[in-house]
Amino acid sequence: MKKESNRWQRWVPWALVAIFSLWVLSTIFPRKSKGEYNIREFAEIPVLLNGRIQPIDSVARNALLVFQGKQSVAITNAQGDKVKLPAIEWLLEVTTRPEIADTRPIFRIDHPEIKGLLKLDEQEKQFTFNQIKEGWGEIEKQARRITDLKIEPEVRTPFEKGIMKLNFSLGLYFRLKNSLQPESSGDFQEEISVYRDNIKNGLVALQKHQSNEEYNEEDLALMTRFFRRYQMMSQIAYPLAVPPRDLKTNPDGWVTIGGSLLESMRSGEIHPAVNAFAAMSTAYSKQKPADFNKAVGEYKRWIAENFSKANGKGHRESIFNYFQPFMKSMAIYVLAFILGCGYWFRWSGWMSRSAFYLTFLAFLVHTSGLIFRMVLEGRPPVTNLYSSAIFVGWGAVALGLILERIYKDGIGTVTASAVGFTTLVIAHNLSLDGDTMIMLQAVLDTNFWLATHVVVITLGYASTFLAGFLAIIYVLRGVLTKTLSAATSKALTRMVYGIICFSVLFSFVGTVLGGIWADQSWGRFWGWDPKENGALLIVIWGAIALHARWGGIIRERGIMIMALIGNIVTGFSWFGVNMLGVGLHTYGFMDQAFKWLMVFNASQLLLIGLALVPNKYWRSFELLNQRGTEKPQRPSDPDSGELLKGVRQPRPAH
Amino acid sequence: MGKIWKALSSLWLTVILLTLAGVLVFMGTMAQVKLGLYIVQENYFQSLFVMWGPQGANWKIPIWPGGYLLGGLLLVNLITAHVIRFKFTKKKIGIIMVHGGLIFLLIGQFLTEVYQVESFMALEEGSSKNYSENGRRSEVAIIDVTDPQTDHVVAIPESMLEPGREIRHPQLPFTVKIHEYALNTEPRLYGSELRFISTNQAVKMNDRNIPAATVEIKAEDGSKGTWKISNWLAEDRLVGLLLTNYSSRLPQGFSEPVQFEHKGRRYEMSMRPERYYKPFQLHLLDFTHERYAGTDTPKNFSSRVRLVRPETNEDREILIYMNNPLRYWGETYYQGGFEPGDTVSILQVVRNPSWLTPYISCVLVGVGLLVQFLSHLVAFAKKRSV
């Protein structure tokens, strides 16, 4: 009986790993598109936006993130089932079949006053363009008040913030609609052929008109209409979809479709890319999959031949988009965390092993995502706040896994999966601003300093958070459960101490490197800028912890409290200072983040309070207290500590 | 005596001082929201005590030890601890390196605070300059322009401008009397008379003070005249602002320097940003400002300059761009900014004799910490494997 259960326990962890590996792998390899349309190939088409080449798929996903915080649209299909409409298909609808797109619930509105203003259903959260369009004028009016009064983002009320966001979203939606063809164009391919035929005659008519000769009024009127139409389109179209005519003389000369059509007036020819897009749009709008696939295929071949670099970039980033490594590792971390916690209470080995393997699998996925991003950007791992969250998580998970290898007590796994999950959630929320691979300001455009200062300081954050999470485990397990044995508490103290050492090393070196970068770029090693002060606070915090420890001023519990304070200090340094709105390091205000940072700080203060509760209330120390052999006092020094020896944790039998 | 030494070198003192410093940094960061960077620097970090008084009151009390006091005490604590307790052993080498590096950093930063001079050089394409200007301090410049070849400049720093004060200088055959002085002013036009009204000191990061003064030149043979001078009248950018605001209502030649004669010599006087002359000239050949395609995000700024120094026969071209400054003549020239239109490049000029200290300190502390922690780790690993 026992053997059987052992066998069962042996293969479960591997089975879990196998299932999740398959799940991860299933999205890496490009699958054929499910429907009749070759959507996957269309998604890869490169365009230029935010100063970088990206697949049109990224444009669609980032727009949806801005609108509703999700990368796909929840719709009910013809059969009445709830399904997800992928971002790229939604974008195709928006550009070619706007009348359907207008019925998709993509605008998320939370503020009740905005719902009231637009006379929307209080219970709903997602709204369609048709539901909002009546009130668009009102939204614009409200937004104008905010911009006219120059109300800074930091001091806007939630209502004002919601208005500004919705106004921006509606504007973006309008721009997307006119990106591949003018919104009102029924048959864009046909329209363009008329335009092409008219260019020559139109120009002749114009010249004659200017030199007061007799001219064909119809030709000129048509020409003028086209001019107005494409001029407007060129001004509002969102991505620059048309590659430069000459890559050598003007490699950055991407233009919008409207812009290219205007340019055609000069050259008399339609750019091949415009023809291709027109063919795709028209085929999709008329629902002719064969024509669509043919047009996409031909355009992709043409791009690959003439713009192989852009084509490669579009292809790779599109794979990355479908892969979604961070979402996947997030899910696996959660499972690992639950299993890891379960292990402490049920003490079954398979849970611990599964948790460790799964955390390791999630870490591999996390790592591959990190490297994939680095390759796509051609940059070191951290370039903005979003990628710093991903990297903080990565570093903490790596350290946690190392701890697990050394101590093999499940603590490293639980901490690693918890920090990995939390930081990825933070990263996800930071990604809602839109493009996360945005180009870097001139002063940041240096791979050397990004690879040294930024990476080192971010590893400092990672290790401080890891120490803090270990302390959380110590306090929660010690006070609320009976699972904190003397050995475990000693081990935890060692871990926290060791990690604080690392965090001091990273934080100090990272801070000074930052100073040197500042000296290199504007001649000031130290300027008391909030971000610099935040980094300095981590260094001072670490120095206090280490010196207090060496001086015997704090012991086991003291170092745990210091680690909890470290969480607050690092939270302040990482996010808090960005919310002050002063200095050179302000990346923009994050409204939601402020609330959550305060919640986090409050939770840490609560834990510190819990840590200060006298020993007799710690459930893990109950046994010791009942024996009455020792007076309740602070836990022993980890190096000389005899106090808790002999206290054994009752283990449930296998 | 022994007790004092013990206290001065104790770890308790270290922890207390570090805690006070942590709180100071936090307070100083939060205070920046209201007070701005420069006032906070002076009040919190470059001071012995953080002073506080209710708004409008003319008294202040110390509420917290300031940066200089805490830094100094930490230095004393660190040095006494090493003198008294530490012995040089192989085990301690990491700790000694870390603390040596820290001492280096603290002293270096103190010297920087005291000796660093920051200025800027705004160069238009095709123009040259042999001086940089201080963006925060002004001076009254009195220039003997009699000789068409060379000007003789006597500059009176802003700190000497106190109302009622009479200033004499061996190279000036007359006395300069200050009647009025204001640190920061706003221009107002009354009829055709331009006045400079005193206003609050600039607080925000990118704001600056624009001073004005009323100055009289007094010679043995009587007064030469009393004039209003101000940076408003001397700096092109500010003059431009006045012109756009008041346009034709301003009197002719309002921005020309004050001119007077004494004993057959001609003088000009103006109030302008403090200048630092150099034995060489920088000539801006070309300024470029690249943006990412389809955006306004700057990709790179760079200035191609020609450096000409007759005394050493130097004449060469240099490209200064982001993160790649020119270090020359004990100064460093950074690509600081530009003016709208992309033809004027602003180079930030910093003279900092101790600029190298952070580099050395970073290596010392980094290696020291690594040595220390790795030796811990190795010992720990050995213990576990036994």
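Residues numbered from 1 in each chain as written. Chains lettered and ligands numbered in written order. Predicted model: local features only at pLDDT ≥ 70, side-chain atom pairs only at ≥ 80, totals over all residues.

> Can you tell me about the overall build of chain B, naming the residues and giving the values?
When you go through chain B residue by residue, the secondary structure sums to eight helices and 18 strands. Computed over C-alpha atoms, the radius of gyration of chain B comes to 27 Å, more than 25% over the 21 Å expected from 2.2 N^0.38 for 386 residues, which places it beyond the range of a compact globule. Along the first, second and third principal axes, the C-alpha set of chain B runs to 90 × 55 × 45 Å. When burial is assessed residue by residue, chain B has 26% of its 386 residues classed as buried. Taking the intrachain contacts of chain B between residues at least 6 apart in sequence as the baseline, contacts between residues at least 24 apart amount to 54%. (Helix = DSSP H or I, 4+ residues; strand = E, 2+ residues; numbered from the N terminus. Rg over C-alpha atoms; globule rule 2.2 N^0.38 Å. Buried ≥ 20, exposed ≤ 12 C-beta atoms within 10 Å, placed from the backbone. Contact = placed C-beta atoms within 7 Å.)

> Go over the overall build of chain A, please, and point to the residues and values.
Helix and strand counts for chain A stand at 25 helices and six strands. For chain A, the spread of C-alpha atoms along the three principal axes comes to 115 × 65 × 55 Å. For chain A, the residues scored as buried account for 48% of the 654 residues in total. Summarising the internal contacts of chain A: among those between residues at least 6 apart in sequence, 70% fall at separations of at least 24.

> Let's hear about the pairing of strand 4 (residues 82-86) of chain A: which residues, and what values?
Residue and element names in this part refer to chain A. One ladder, built from five bridges, connects strand 3 (residues 72-76) with strand 4; its direction is antiparallel. Its bridge partner being in strand 4, Thr-76 is matched across the sheet by Lys-82. Hairpin geometry of strand 3 and strand 4 is characterised by an intervening segment of five residues between the two adjacent antiparallel strands and by a positive phi of about 85 degrees at Gly-80. (Pairing = 2+ DSSP bridges.)

> How would you explain the packing of helix 22 (residues 530-550) of chain A against helix 23 (residues 556-574) of chain A if you had to name every residue and give the values?
All names here are of chain A. Their axes nearest at 9 Å, the elements helix 22 and helix 23 cross at an angle of 175 degrees. The angle between helix 22 and helix 23 falls in the class roughly antiparallel. From helix 22, Gly-534, Ala-535, Leu-537, Ile-538, Trp-541, Ala-545, Ala-548 and Arg-549 reach across to helix 23, where they touch Gly-558, Ile-559, Met-562, Ile-565, Gly-566, Val-569, Thr-570, Phe-572 and Ser-573. Residue classes in the contact of helix 22 with helix 23 are distributed as 11 nonpolar, five polar and one charged. (Axes fitted to C-alpha atoms, helices over the stretch in contact; angles between N-to-C directions. Parallel < 35°, antiparallel > 145°, perpendicular 65-115°, else oblique. Nonpolar A, V, L, I, M, F, W, Y, C, P; charged D, E, K, R; others polar.)

> Can you explain the interface of chain A and chain B? Please cite residues and give values.
The partner chain B presents 49 residues to the 47 residues of chain A that form the contact. Of all elements in the fold, only helix 21 (486-522) and helix 22 of chain A reach the threshold of two or more residues within the side of chain A that touches chain B. Element by element, the count of residues in the side of chain A that touches chain B is highest for helix 21 of chain A, at 14 residues. Partitioning the side of chain A that touches chain B into residue classes produces 32 nonpolar, 12 polar and three charged.

> Quick rundown of the nonpolar core? Include the residues and the values.
In summary, soluble globular proteins display a tendency toward joint burial of nonpolar side chains. Residues Leu466(A), Leu470(A), Ala471(A), Val496(A), Ile500(A), Ile540(A) and Ala563(A) are the most contacted members of the largest nonpolar core, which totals 144 residues. Counting residues in each nonpolar core, the second largest holds 75 residues, with Ala101(A), Ile106(A), Phe129(A) and Tyr238(A) among its members. (Core = buried A, V, L, I, M, F, W, Y, C linked by C-beta atoms within 7 Å.)

> Give me unusual backbone geometry: which residues, what numbers.
All names here are of chain B. In this structure, Lys-263 is a non-glycine residue whose phi angle is positive, near 50 degrees. Mapped onto the elements of the fold, Lys-263 is located in the loop between strand 12 (258-262) and strand 13 (265-291). Positive phi values are uncommon outside glycine, yet Trp-329 reaches one of about 55 degrees. Relative to the helices and strands, Trp-329 resides in the loop between strand 16 (326-328) and strand 17 (331-338).

> Report on helix 13 (residues 272-285) of chain A, specifying residues and quantitative values.
Residues and elements named next belong to chain A. The terminal C-alpha atoms of helix 13 lie 20 Å apart, and with 14 residues this matches the ideal 20 Å at 1.5 Å per residue to within 8%. Regarding helix 13, the residues found buried are Ala-273, Val-274, Ala-276, Phe-277, Ala-278, Ala-279, Met-280, Ser-281, Thr-282, Ala-283, Tyr-284 and Ser-285. Looking at the buried side of helix 13, the elements it contacts are helix 2 (39-43), helix 4 (87-96), helix 10 (188-210), helix 12 (257-267) and helix 14 (289-306). (Expected span 1.5 Å × (residues − 1).)

> Got a sec to walk through the packing of helix 3 (residues 56-68) of chain A against helix 9 (residues 158-177) of chain A? Specific residues and values, please.
Residues and elements named next belong to chain A. Here helix 3 crosses helix 9 at 150 degrees, and the two axes come no closer than 10 Å. One way to sum up the angle between helix 3 and helix 9 is to call them roughly antiparallel. Crossing angle aside, the handedness with which helix 3 passes helix 9 is left-handed. Residues Ala-63, Val-66 and Phe-67 of helix 3 form the contact with helix 9, whose participating residues are Ser-169, Leu-172 and Leu-176. Counted by class, the contact of helix 3 with helix 9 contains five nonpolar, one polar and no charged residues. (Left-handed = near helix turned anticlockwise from the far one by under 90°.)

> So, the sheet that holds strand 11 (residues 222-230) of chain B: which residues are in play, and what are the values?
Note: strands within a sheet are paired through backbone hydrogen bonds, in either parallel or antiparallel orientation. One open sheet holds the four strands; their spatial order is 6-7-10-11 (chain B), and the pairing between them is antiparallel. Across the chains shown, the open sheet's two edge strands, defined by having one partner strand only, are strand 6 (166-167) and strand 11 of chain B.

> Pulling in residues and values, what's your account of the environment of Val73(A)?
Residues and elements named next belong to chain A. Positionally, Val-73 belongs in strand 3. For the pair Val-73 and Pro-105, spaced 32 residues apart in sequence, the C-alpha to C-alpha distance is 7.4 Å. In contact with Val-73, other than residues within four places in its own chain, are Leu-64, Leu-85, Trp-90, Arg-104 and Ile-106.

> Summarise helix 4 (residues 67-84) of chain B; cite the residues concerned and give the values.
Residue and element names in this part refer to chain B. Compared with the 26 Å implied by 1.5 Å per residue over 18 residues, the 25 Å span of helix 4 between its first and last C-alpha is a close match. Gly-67, Leu-70, Gly-71, Leu-74 and Asn-77 are the residues of helix 4 that are buried. Mapping the buried residues of helix 4 onto a view down its axis gives an arc of 125 degrees, with all of them on the same face. Residues of helix 4 that are buried make contact with helix 1 (2-8), helix 2 (11-35), helix 3 (37-45), strand 2 (61-65) and helix 5 (93-115). (Arc of directions from axis to C-beta.)

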